[in-house]
Amino acid sequence: MKRMLQWGLSLYFVMVAGNVFAKENLSVNVGEVRVFPAILMISLLVLFILVGVFSKAKDTEDYWAAGRGVGQLGGGMAIASNWMSAASYLGMAGLIYLKGYSAMAYIVGWTGGYVLLLVLMAGQIRRYGKYTAPDFVGDRYYSTAARLMSALIVILISFVYAVGQYKGIGMMFNWIFGINYEMSVIVGTGVVLAYVLISGMLGATKNMQVQYVVIVITFLLPLFFIASKLGYFSAVPQIGYGATVWDIGHGGNGITAATADPSFYLPFANNTAYHWFALCITLMLGTAGLPHVIGRFYLVPRVSDARWQVVWGLFCIALVYWSAPCFAAFAKFSNIAGVTGVTISPDAIVVNAAELAGLPQWFSGFLAAGGVSAAFSTVGGLLMAGSSAFAHDIYFRVLRPNATEESKMKVARIGTIVLGVAIAVIAMNPPAFIAQITAVAFSMGANTFFPMFLLGIWWSRTTKEAAIVGMIVGMTVTFGSMLAPKTSLFAYYVPFTSSAILGVPLVITTMIIVSLMTKEPSAEIKELLYRVHNDE
């Protein structure tokens, strides 16, 4: 764990020293309490903790795998809630606000990854029937070293991913309660740890279902009023915002030709086609390689449920993703049209959109509450993934195979606290926009877990040596893309947020070559894979 924290801190300082991320003022309106949003948020936080208490995990199977009793629709809602983090709810609209069409790569990549999961992995992962992603790696590749390496990578991915979520929580708490950003992070950390420690994965999954309802209502409801307030087609704002984009680019409805911004809608005005494609591919493959996403397939009772929960999850995700560009366009329009008096932060643009449109404060309060719910749901899943990697895959499967249920639960809870506090420390001074921080975690998942699961499931000849070398190569590419000088050709063709464009083909090729050079897996592994593909 000490080494993991050192890696996480090193990653953070590399990002800061390299000056590769944008910075912003995170504390706004300190001392100003927004009464209705505060009441709403306190009510939600109490609800989350109560759900955790009444859905408390009774044993390690409840704590890590929710007793394998999550249904299709409930699983889909939990997937969507677990997936739609602060990066989706807040950060995605912020990047579209800043970069226009170029940032649409986040929507295409993040949704496309679930199609890959549905086609290539969902059913097979459930048939395998383990608790965690490192469980699959350790057993499929018959290697303690591979299990240990994958567990450390899970912890690192969870760490980096969660930093962005803590930032979203801190910004929304600051906006609602008027306390400074740093104190907001501390308060948010306490609430998240409270319900995760009490409830485990069973309670976290129940909370994710509740949080999805909060997310979809709070995200969609204000959108109709914003569209109406600005004079655009409000019955279906997801269609009507096209007129807003036209006015932003060409002038109209209060925007003059001199203040219009054509770069907002031009496909590659802020980026090249190559970089757009590279980001799409990285996010898509990263989705299929994130351990806390893969772990959702272990929670359902049947293989068919694993597939259908992905379908339901895509539907639930689409409701929000279809709407994110609307908030960005409406905020951009209001800003260009000359609306003043609102402090604009790209990572809070969803809330700012309602303020810019002149809507009552309670509309913004709904959006802020949804943003915190989105961040909480993802942080819960990430803390569970990280703590289970530590307690189940390192402590139980490597260090103490004879550990009792009581000791495993104790270590899992200690791991949750250590990880949660360490993330909060780094989140005090976050190095990037939320979606950018998240993209780094996706690069790690794409460059490590995606090739291991893809080849591990579909090619029985893949060996343990290939898995170990593949993880080393994948992490080398991920860190190399961040360390490379910004002006170098490597940094140009392998951006730090899009390194899977090179990493995944390189790792897959390396794993194939190493597999062919080493002793093939045993007959037991091949028989296991046969059952994974054929048993119902």
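Residues numbered from 1 in each chain as written. Predicted model: local features only at pLDDT ≥ 70, side-chain atom pairs only at ≥ 80, totals over all residues. Heavy atoms only, no water.

Student: Even after reading the chapter, I still don't get the environment of V350, so can you show me in this structure?
Tutor: Tracing the sequence through the fold places V350 in helix α16 (residues 349-356). Along the primary structure V350 and A368 are separated by 18 residues, whereas in three dimensions their C-alpha atoms are 8.2 Å apart. (Helix = DSSP H or I, 4+ residues; strand = E, 2+ residues; numbered from the N terminus.)

Student: For this particular structure, what's the right way to read the confidence of the model for the protein chain?
Tutor: In regions of low pLDDT, the predicted coordinates are not meant to be interpreted in detail. The pLDDT averaged across the protein chain works out to 80; a share of 83% of its residues lies at or above 70. Looking across the protein chain, the model is least confident in helix α1 (residues 2-18), with a mean pLDDT of 35, and most confident in helix α22 (residues 500-517), with 97. Overall, residues 1-23 carries pLDDT values under 50, and its contacts beyond four positions in sequence, including any with other chains, amount to 45 contacts. Across residues 61-69 the pLDDT falls below 50, and counting only partners more than four positions away or on other chains, this stretch makes 45 contacts in the model. (pLDDT = per-residue confidence, 0-100. Contact = heavy atoms within 4.5 Å.)

Student: What exactly am I supposed to notice about the nonpolar core here?
Tutor: Buried together is how nonpolar side chains tend to be arranged in soluble globular proteins. Counting residues in each nonpolar core, the largest one holds 164 residues, and the members touching the most others are Y106 and F453. Among the elements that make up this core, the one with the highest residue count is helix α9 (residues 144-177) (20 residues). Once you skip the residues sitting within four places of it in the chain, Y106 turns out to touch M92, L95, L279, L283, A435, Q436 and A439. A391, F396, V411 and A412 belong to the second largest nonpolar core, which has 6 residues in total. (Core = buried A, V, L, I, M, F, W, Y, C linked by side-chain atoms within 4.5 Å. Buried < 20%, exposed > 50% of the residue type's maximum accessible area, 1.4 Å probe, protein only.)

Student: What is the right way to look at the pattern of salt bridges in this model?
Tutor: Between side chains of opposite charge, pairing is possible as soon as their charged atoms come close. One pass over the full model with this rule turns up 7 salt bridges. As a salt-bridge pair, R147 and D139 come within 2.7 Å of each other at their nearest N and O atoms. For the pair formed by R147 and D139, the shared burial category is buried. Measuring nitrogen to oxygen at the nearest pair gives 3.8 Å for the salt bridge that ties D261 to K332. A residue pair is termed long-range when its members are at least 10 positions apart, and D261 in the loop between α11 (237-250) and α12 (273-287) and K332 in helix α15 (residues 324-336) qualify at 71 residues. Connected through salt bridges with shared partners, the residues D135, D139, R147, D393 and R397 form a single ionic network. (Salt bridge = Lys/Arg side-chain N within 4 Å of Asp/Glu carboxyl O.)

Student: What is the right way to read the packing of α9 against helix α19 (residues 434-458) from this model?
Tutor: The geometry of a pair of packed helices is captured by two quantities: the angle between their axes and the separation between those axes. Interhelical geometry of α9 versus α19 gives an angle of 165 degrees and a closest axis separation of 8 Å. Of the possible angle classes, the one that applies to α9 and α19 is roughly antiparallel. The way α9 lies across α19 gives a crossing that is left-handed. Listed contacts from α19 to S150, I153, V154, L156, I157, V160, Y161, V163, G164, Q165, K167 and G168 of α9 are I434, I437, T438, V440, A441, F442, M444, G445, T448 and F449. For the contact of α9 with α19, the class distribution of residues is 14 nonpolar, 7 polar and 1 charged. (Axes fitted to C-alpha atoms, helices over the stretch in contact; angles between N-to-C directions. Parallel < 35°, antiparallel > 145°, perpendicular 65-115°, else oblique. Left-handed = near helix turned anticlockwise from the far one by under 90°. Nonpolar A, V, L, I, M, F, W, Y, C, P; charged D, E, K, R; others polar.)

Student: I tried to follow α11 on my own but got confused; where do I start?
Tutor: Each turn of an α-helix holds 3.6 residues, which means side chains three or four residues apart point in the same direction. Under the 1.5 Å per step criterion, the end-to-end length of α11 is 20 Å for 14 residues, consistent within 8% with the ideal 20 Å. Among the residues of α11, those classed as buried are P237, Q238, G240, Y241, T244, V245, D247, I248 and G249. (Expected span 1.5 Å × (residues − 1).)

Student: I would appreciate a short explanation of a nonpolar patch on the surface in the present structure.
Tutor: A contiguous nonpolar patch, built from F36, V213, I217, L221, F224, F225 and W362 and spanning about 590 Å² of accessible area, is present on the exposed surface. Topologically, F225 is positioned in helix α10 (residues 181-230). (Patch = residues over 30% accessible without salt bridge, like charges linked within 9 Å, V, L, I, M, F, W, Y side chains within 5 Å. Areas by Shrake-Rupley, 256 points an atom, 1.4 Å probe, with all protein chains shown as cover.)

Student: How should I be thinking about the side chain of T244 in this particular structure?
Tutor: Looking at where T244 falls in the secondary structure, it is placed in helix α11. Residue contacts for T244: discarding those within four places in its chain leaves Y232, A329, F330 and F333.

Student: I would appreciate a short explanation of the side chain of D135 in the present structure.
Tutor: Assignment of secondary structure puts D135 in helix α8 (residues 133-140). Only 2.9 Å separates the side chain of D135 from the side chain of H392, close enough to count as a polar contact. Within the local environment of D135, its side chain forms a polar contact with the side chain of R397, the two groups lying 2.8 Å apart. (Polar contact = N/O pair within 3.5 Å; in protein donor to acceptor, adjacent residues only side chain to side chain.)

Student: I'm lost on the packing of aromatic side chains in this one. Help?
Tutor: Aromatic ring pairs: the centre-centre distance and the angle between the two ring planes describe each pair. If you walk through the whole model with that rule in mind, you get 17 aromatic pairs. Measuring from ring centre to ring centre gives 6.3 Å for Y232 and F330, while their planes differ by 25 degrees; the resulting arrangement is stacked. Highlighted residues: Y232 in the loop between α10 and α11 and F330 in helix α15, separated in sequence by 98 residues. Side by side, Y232 and F330 carry an identical accessibility label, which is buried. Ring geometry for F268 and W276: centres 6.4 Å apart, planes at 80 degrees, overall edge-to-face. Grouping aromatic residues by their ring pairs yields a cluster made of Y106, W110, Y161, Y321 and F442. Its end group placed over the ring of Y97, K332 keeps NZ or CZ at 5.0 Å from the ring centre. For the cation-ring pair, K408 lies above F396, with the distance from its terminal atom to the ring centre recorded as 4.0 Å. (Phe/Tyr/Trp six-rings, centres within 6.5 Å; stacked < 30°, edge-to-face > 60°. Lys NZ or Arg CZ within 6 Å of the ring centre and 35° of its normal.)

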